[in-house]
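Next come the chains, spelled out residue by residue.
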Amino acid sequence: MSGLWFEELPVGLVVEHATRRTVTETDNVLFTTMTMNPAPLHLDHAYAATTEFGRPLVNSMFTLALVVGLSVPELTLGTIVAQVGLTDVSFPAPVFHGDTVRVETEVVESRESRSRPGAGLVGFAHRAFNQRDELVCSARRTGLMHRRPAP
(Lines give C-alpha, C1' and ligand atoms only; values in the text may rest on other atoms or scores of the structure.)
Protein backbone atom coordinates (compact mmCIF):
# COMPACT_ATOMS: atom_id res chain seq x y z
CA MET A 1 0.00 0.00 0.00
CA SER A 2 1.44 3.35 -1.00
CA GLY A 3 -1.60 5.61 -1.09
CA LEU A 4 -2.27 8.42 1.34
CA TRP A 5 -4.90 8.45 4.06
CA PHE A 6 -7.58 11.15 4.18
CA GLU A 7 -5.58 13.03 6.83
CA GLU A 8 -2.51 13.08 4.59
CA LEU A 9 -4.29 14.86 1.74
CA PRO A 10 -4.53 18.56 2.68
CA VAL A 11 -5.91 21.08 0.23
CA GLY A 12 -3.01 22.54 -1.75
CA LEU A 13 -0.91 19.36 -1.80
CA VAL A 14 0.61 18.89 -5.27
CA VAL A 15 2.02 15.52 -6.30
CA GLU A 16 4.14 15.04 -9.41
CA HIS A 17 3.63 11.36 -10.16
CA ALA A 18 6.79 9.32 -10.61
CA THR A 19 5.55 7.00 -13.33
CA ARG A 20 5.27 8.26 -16.90
CA ARG A 21 3.87 6.24 -19.78
CA THR A 22 4.55 6.25 -23.50
CA VAL A 23 1.32 5.49 -25.35
CA THR A 24 1.57 2.88 -28.10
CA GLU A 25 -0.57 2.17 -31.12
CA THR A 26 -1.44 -1.17 -29.53
CA ASP A 27 -2.79 0.61 -26.43
CA ASN A 28 -5.02 2.75 -28.59
CA VAL A 29 -6.29 -0.01 -30.89
CA LEU A 30 -7.02 -2.43 -28.02
CA PHE A 31 -8.78 0.14 -25.85
CA THR A 32 -10.78 1.55 -28.74
CA THR A 33 -11.95 -1.84 -29.99
CA MET A 34 -12.60 -3.24 -26.49
CA THR A 35 -14.90 -0.29 -25.80
CA MET A 36 -16.73 -0.78 -29.12
CA ASN A 37 -15.73 2.61 -30.53
CA PRO A 38 -15.52 2.33 -34.34
CA ALA A 39 -14.29 5.91 -34.92
CA PRO A 40 -11.86 5.90 -37.87
CA LEU A 41 -9.97 8.80 -36.30
CA HIS A 42 -8.56 6.27 -33.81
CA LEU A 43 -8.27 3.16 -36.01
CA ASP A 44 -7.84 4.07 -39.67
CA HIS A 45 -4.46 5.55 -40.66
CA ALA A 46 -5.66 6.38 -44.20
CA TYR A 47 -8.69 8.25 -42.89
CA ALA A 48 -6.72 10.00 -40.13
CA ALA A 49 -4.21 11.21 -42.73
CA THR A 50 -7.00 13.26 -44.32
CA THR A 51 -7.84 15.07 -41.07
CA GLU A 52 -6.23 18.19 -39.64
CA PHE A 53 -4.16 15.92 -37.38
CA GLY A 54 -2.68 13.86 -40.22
CA ARG A 55 -2.48 10.71 -38.08
CA PRO A 56 -4.64 8.72 -35.64
CA LEU A 57 -5.55 10.30 -32.33
CA VAL A 58 -5.34 8.31 -29.13
CA ASN A 59 -8.84 7.64 -27.78
CA SER A 60 -9.55 10.33 -25.19
CA MET A 61 -11.18 7.83 -22.83
CA PHE A 62 -7.88 5.89 -22.80
CA THR A 63 -6.07 9.14 -22.03
CA LEU A 64 -8.43 9.84 -19.12
CA ALA A 65 -8.04 6.31 -17.74
CA LEU A 66 -4.26 6.59 -18.03
CA VAL A 67 -4.25 9.92 -16.19
CA VAL A 68 -6.21 8.46 -13.29
CA GLY A 69 -4.14 5.27 -13.30
CA LEU A 70 -0.82 7.11 -13.18
CA SER A 71 -2.01 8.91 -10.03
CA VAL A 72 -2.95 5.76 -8.11
CA PRO A 73 0.41 4.66 -6.61
CA GLU A 74 1.12 7.92 -4.76
CA LEU A 75 -2.47 8.86 -3.87
CA THR A 76 -5.04 6.11 -3.56
CA LEU A 77 -3.41 2.66 -3.71
CA GLY A 78 -4.93 0.78 -0.79
CA THR A 79 -6.44 3.89 0.81
CA ILE A 80 -9.48 4.61 -1.34
CA VAL A 81 -12.95 3.30 -0.57
CA ALA A 82 -14.31 4.25 -3.97
CA GLN A 83 -14.10 6.80 -6.74
CA VAL A 84 -17.33 8.76 -6.55
CA GLY A 85 -17.08 11.26 -9.37
CA LEU A 86 -15.28 12.66 -12.39
CA THR A 87 -16.03 16.18 -13.59
CA ASP A 88 -14.57 19.01 -15.62
CA VAL A 89 -12.76 16.71 -18.05
CA SER A 90 -11.04 18.42 -20.96
CA PHE A 91 -8.56 17.46 -23.66
CA PRO A 92 -6.92 20.72 -24.80
CA ALA A 93 -4.37 18.98 -27.04
CA PRO A 94 -4.38 15.58 -28.73
CA VAL A 95 -2.35 12.55 -27.71
CA PHE A 96 -0.66 10.58 -30.49
CA HIS A 97 1.02 7.18 -30.63
CA GLY A 98 4.51 7.61 -29.17
CA ASP A 99 3.62 10.48 -26.83
CA THR A 100 4.81 10.16 -23.24
CA VAL A 101 2.28 11.27 -20.64
CA ARG A 102 3.16 12.58 -17.18
CA VAL A 103 0.66 13.63 -14.53
CA GLU A 104 0.53 16.02 -11.62
CA THR A 105 -2.30 16.16 -9.13
CA GLU A 106 -3.43 18.88 -6.75
CA VAL A 107 -5.74 18.31 -3.80
CA VAL A 108 -8.43 20.96 -4.26
CA GLU A 109 -11.07 19.90 -1.76
CA SER A 110 -11.28 17.85 1.41
CA ARG A 111 -14.09 17.21 3.85
CA GLU A 112 -15.14 14.55 6.31
CA SER A 113 -17.83 12.17 5.12
CA ARG A 114 -21.19 12.78 6.77
CA SER A 115 -22.34 9.19 6.24
CA ARG A 116 -19.07 7.31 6.85
CA PRO A 117 -17.16 8.26 10.00
CA GLY A 118 -14.09 6.29 8.87
CA ALA A 119 -13.70 8.18 5.61
CA GLY A 120 -13.51 11.57 3.95
CA LEU A 121 -14.07 13.00 0.49
CA VAL A 122 -11.08 14.39 -1.39
CA GLY A 123 -11.20 16.35 -4.63
CA PHE A 124 -8.22 15.83 -6.93
CA ALA A 125 -7.38 18.06 -9.92
CA HIS A 126 -5.35 15.98 -12.38
CA ARG A 127 -3.26 17.61 -15.09
CA ALA A 128 -1.53 15.55 -17.76
CA PHE A 129 1.24 16.74 -20.08
CA ASN A 130 3.02 15.23 -23.05
CA GLN A 131 6.79 15.20 -23.58
CA ARG A 132 6.57 18.75 -24.99
CA ASP A 133 4.93 19.97 -21.74
CA GLU A 134 1.63 20.58 -23.55
CA LEU A 135 -1.46 20.07 -21.40
CA VAL A 136 -3.29 17.10 -22.95
CA CYS A 137 -5.89 16.36 -20.26
CA SER A 138 -7.31 17.87 -17.13
CA ALA A 139 -9.96 16.39 -14.88
CA ARG A 140 -11.38 16.65 -11.40
CA ARG A 141 -11.92 13.43 -9.52
CA THR A 142 -13.52 12.83 -6.15
CA GLY A 143 -12.37 9.94 -4.01
CA LEU A 144 -13.91 8.58 -0.85
CA MET A 145 -10.74 8.00 1.17
CA HIS A 146 -10.17 5.89 4.26
CA ARG A 147 -9.09 7.68 7.41
CA ARG A 148 -5.83 6.53 8.97
CA PRO A 149 -6.54 3.41 11.06
CA ALA A 150 -6.17 3.66 14.81
CA PRO A 151 -2.82 2.31 16.08
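Just above sits the structure.
**A few points about the overall build of the protein**
In terms of helices and strands, the protein carries 4 helices and 6 strands. Going residue by residue from the N terminus, the α and β elements of the protein occur as β-β-α-α-α-α-β-β-β-β. C-alpha extents for the protein along the principal axes are approximately 60 × 30 × 25 Å. Here the protein holds 151 residues, and the buried ones make up 39% of them. Within the protein, residue pairs in contact and separated by at least 24 positions form 71% of the contacts whose partners lie at least 6 positions apart. Roughly 7,900 Å² of accessible area belongs to the protein as shown, and the carbon and sulfur atoms make up 56% of that amount. Each charge class in the protein was averaged separately, 13 positive and 16 negative side chains, and the resulting centres sit 7 Å apart.

**Some thoughts on the pairing of strand S6 (residues 135-146)**
Here strand S3 (residues 80-90) runs beside S6; their pairing, made up of 7 bridges, is antiparallel. Its bridge partner being in S6, leucine 86 is matched across the sheet by arginine 141. With 11 bridges connecting them, strand S5 (residues 119-129) and S6 associate as antiparallel partners. Looking at S6, one finds that phenylalanine 129 is bridged to leucine 135.

**Concerning a nonpolar patch on the surface**
On the surface, Met61, Leu86, Val89 and Phe91 cluster together into a nonpolar patch covering about 310 Å² of accessible area. In this fold, leucine 86 is placed in strand S3.

Reading the values: rules and limits
Residues numbered from 1 in each chain as written. Predicted model: local features only at pLDDT ≥ 70, side-chain atom pairs only at ≥ 80, totals over all residues. Heavy atoms only, no water. Helix = DSSP H or I, 4+ residues; strand = E, 2+ residues; numbered from the N terminus. Buried < 20%, exposed > 50% of the residue type's maximum accessible area, 1.4 Å probe, protein only. Contact = heavy atoms within 4.5 Å. Areas by Shrake-Rupley, 256 points an atom, 1.4 Å probe, with all protein chains shown as cover. Lys, Arg positive; Asp, Glu negative; His and termini not counted. Charge placed at Lys NZ, Arg CZ, Asp CG, Glu CD. Pairing = 2+ DSSP bridges. Patch = residues over 30% accessible without salt bridge, like charges linked within 9 Å, V, L, I, M, F, W, Y side chains within 5 Å. Salt bridge = Lys/Arg side-chain N within 4 Å of Asp/Glu carboxyl O.

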